[in-house]
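What follows is each chain in one-letter form.
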Amino acid sequence: MAMLRNAPLLRQFLVVAQEGSLTAAAQRLALTQPALSKSIARLEAELGTPLFERLPRGVSLTVYGKALLPHAQRIDAECRLADRELQSLGKGLTGRLRVGAGVLFALRWAPASTG
(Lines give C-alpha, C1' and ligand atoms only; values in the text may rest on other atoms or scores of the structure.)
Protein backbone atom coordinates (compact mmCIF):
# COMPACT_ATOMS: atom_id res chain seq x y z
CA MET A 1 0.00 0.00 0.00
CA ALA A 2 1.32 3.43 -0.87
CA MET A 3 0.92 5.18 2.48
CA LEU A 4 1.00 8.73 1.16
CA ARG A 5 -1.59 7.92 -1.49
CA ASN A 6 -3.82 6.69 1.32
CA ALA A 7 -3.14 9.50 3.78
CA PRO A 8 -6.88 10.29 4.07
CA LEU A 9 -7.54 6.67 5.12
CA LEU A 10 -4.76 6.90 7.69
CA ARG A 11 -6.24 10.14 9.06
CA GLN A 12 -9.60 8.40 9.39
CA PHE A 13 -7.87 5.48 11.12
CA LEU A 14 -6.30 7.94 13.58
CA VAL A 15 -9.62 9.61 14.42
CA VAL A 16 -11.33 6.25 14.98
CA ALA A 17 -8.43 5.20 17.23
CA GLN A 18 -8.68 8.48 19.18
CA GLU A 19 -12.46 8.37 19.53
CA GLY A 20 -12.77 4.63 20.17
CA SER A 21 -16.02 4.70 18.24
CA LEU A 22 -16.94 4.71 14.57
CA THR A 23 -20.01 6.83 15.27
CA ALA A 24 -18.09 9.51 17.22
CA ALA A 25 -15.27 9.48 14.65
CA ALA A 26 -17.76 9.82 11.78
CA GLN A 27 -19.33 12.86 13.47
CA ARG A 28 -15.91 14.44 14.01
CA LEU A 29 -14.95 13.81 10.37
CA ALA A 30 -18.35 14.97 9.06
CA LEU A 31 -18.93 11.58 7.42
CA THR A 32 -21.69 9.05 7.73
CA GLN A 33 -20.90 6.05 9.89
CA PRO A 34 -21.38 3.62 6.97
CA ALA A 35 -18.96 5.65 4.80
CA LEU A 36 -16.34 5.64 7.55
CA SER A 37 -16.83 1.91 8.13
CA LYS A 38 -16.28 1.33 4.42
CA SER A 39 -13.06 3.39 4.50
CA ILE A 40 -11.72 1.46 7.49
CA ALA A 41 -12.65 -1.84 5.80
CA ARG A 42 -10.77 -0.68 2.67
CA LEU A 43 -7.68 0.18 4.71
CA GLU A 44 -7.84 -3.19 6.48
CA ALA A 45 -8.24 -4.97 3.13
CA GLU A 46 -5.26 -3.13 1.62
CA LEU A 47 -3.11 -3.97 4.63
CA GLY A 48 -4.47 -7.51 4.79
CA THR A 49 -5.16 -7.37 8.52
CA PRO A 50 -7.83 -6.19 10.97
CA LEU A 51 -6.95 -2.92 12.68
CA PHE A 52 -9.90 -2.72 15.04
CA GLU A 53 -11.81 -5.16 17.16
CA ARG A 54 -15.49 -4.33 16.98
CA LEU A 55 -16.99 -4.24 20.48
CA PRO A 56 -20.62 -3.87 21.63
CA ARG A 57 -19.84 -0.23 22.42
CA GLY A 58 -17.13 1.07 20.16
CA VAL A 59 -13.89 -0.33 18.83
CA SER A 60 -10.44 -1.09 20.15
CA LEU A 61 -7.15 -1.43 18.32
CA THR A 62 -5.90 -4.90 17.48
CA VAL A 63 -2.21 -5.69 17.86
CA TYR A 64 -1.88 -4.68 14.18
CA GLY A 65 -3.69 -1.41 14.77
CA LYS A 66 -1.40 -0.67 17.72
CA ALA A 67 1.62 -1.36 15.52
CA LEU A 68 0.30 0.93 12.76
CA LEU A 69 -0.68 3.78 15.11
CA PRO A 70 2.73 5.47 15.67
CA HIS A 71 3.56 5.18 11.96
CA ALA A 72 0.22 6.69 10.97
CA GLN A 73 0.77 9.53 13.45
CA ARG A 74 4.19 10.31 11.96
CA ILE A 75 2.90 10.10 8.39
CA ASP A 76 0.00 12.41 9.25
CA ALA A 77 2.33 14.90 10.97
CA GLU A 78 4.74 14.90 8.02
CA CYS A 79 1.88 15.39 5.53
CA ARG A 80 0.56 18.33 7.55
CA LEU A 81 4.04 19.83 7.78
CA ALA A 82 4.55 19.45 4.02
CA ASP A 83 1.17 21.11 3.38
CA ARG A 84 2.10 24.07 5.60
CA GLU A 85 5.52 24.42 4.02
CA LEU A 86 4.11 24.38 0.49
CA GLN A 87 1.43 26.91 1.41
CA SER A 88 4.06 29.19 2.96
CA LEU A 89 6.26 28.93 -0.12
CA GLY A 90 3.29 29.74 -2.33
CA LYS A 91 2.56 32.86 -0.29
CA GLY A 92 6.19 33.94 -0.27
CA LEU A 93 6.42 33.55 3.50
CA THR A 94 9.42 31.22 3.45
CA GLY A 95 12.44 30.77 1.31
CA ARG A 96 16.19 30.85 1.48
CA LEU A 97 18.24 33.86 2.47
CA ARG A 98 21.93 33.84 1.71
CA VAL A 99 24.25 36.25 3.46
CA GLY A 100 27.75 36.86 2.17
CA ALA A 101 30.65 38.21 4.17
CA GLY A 102 34.10 39.36 3.27
CA VAL A 103 37.44 38.46 4.80
CA LEU A 104 37.36 41.32 7.33
CA PHE A 105 34.01 40.11 8.70
CA ALA A 106 35.36 36.58 8.99
CA LEU A 107 38.50 37.77 10.79
CA ARG A 108 36.50 39.77 13.30
CA TRP A 109 33.45 37.55 13.92
CA ALA A 110 34.33 33.98 12.99
CA PRO A 111 36.01 31.93 15.70
CA ALA A 112 39.67 31.22 15.20
CA SER A 113 40.59 27.66 14.43
CA THR A 114 42.77 25.98 17.02
CA GLY A 115 43.73 22.98 14.91
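See the structure shown above.
Residues numbered from 1 in each chain as written. Predicted model: local features only at pLDDT ≥ 70, side-chain atom pairs only at ≥ 80, totals over all residues. Heavy atoms only, no water.

A. Looking closely at the overall build of the protein chain. Within the protein chain one finds 5 helices and 2 strands. N-terminal to C-terminal, the α/β element order of the protein chain is α-α-α-β-β-α-α. Counting all 115 residues of the protein chain, 25% fall into the buried class. Look at the contacts in the protein chain between residues 6 or more apart in sequence, and 50% of them connect residues 24 or more apart. Carbon and sulfur atoms form 58% of the exposed surface of the protein chain, whose accessible area is close to 8400 Å². (Helix = DSSP H or I, 4+ residues; strand = E, 2+ residues; numbered from the N terminus. Buried < 20%, exposed > 50% of the residue type's maximum accessible area, 1.4 Å probe, protein only. Contact = heavy atoms within 4.5 Å. Areas by Shrake-Rupley, 256 points an atom, 1.4 Å probe, with all protein chains shown as cover.)

B. Broad picture of the pairing of strand 2 (residues 58–61). The two faces of strand 2 differ: V59 and L61 on one face are buried, but G58 and S60 on the other face are not. In the sheet, strand 1 (residues 52–55) pairs with strand 2 via 4 bridges, with the strands oriented antiparallel. Looking at strand 2, one finds that R54 is bridged to V59. Following strand 1, the chain reverses through 2 residues before pairing antiparallel with strand 2. (Pairing = 2+ DSSP bridges.)

C. Structural detail: the packing of aromatic side chains. One pass over the structure, following the stated rule, counts 1 aromatic pair. Judged by centre distance (5.4 Å) and plane angle (50°), the rings of F13 and F52 are tilted. With a gap of 39 residues between them, F13 in helix 1 (residues 7–19) and F52 in strand 1 connect regions that are remote in the sequence. Judged on exposure class, the residue F13 and its partner F52 are both buried. (Phe/Tyr/Trp six-rings, centres within 6.5 Å; stacked < 30°, edge-to-face > 60°.)

D. A look at unusual backbone geometry. Positive phi, normally seen in glycine, also occurs at A30, with a value near 60°. Residue placement: A30 occurs in the loop between helix 2 (22–29) and helix 3 (33–47).

E. Fine view of the side chain of Q12. With respect to the secondary-structure elements, Q12 resides in helix 1. Its relative accessible area of 13% is what places Q12 among the buried residues. Polar contacts involving the side chain of Q12 include one to the side chain of S39, which spans 3.0 Å. Sequence-distant contacts of Q12, that is, excluding residues within four places in its chain, are made with L29, L31, L36, S39 and I40. (Polar contact = N/O pair within 3.5 Å; in protein donor to acceptor, adjacent residues only side chain to side chain.)

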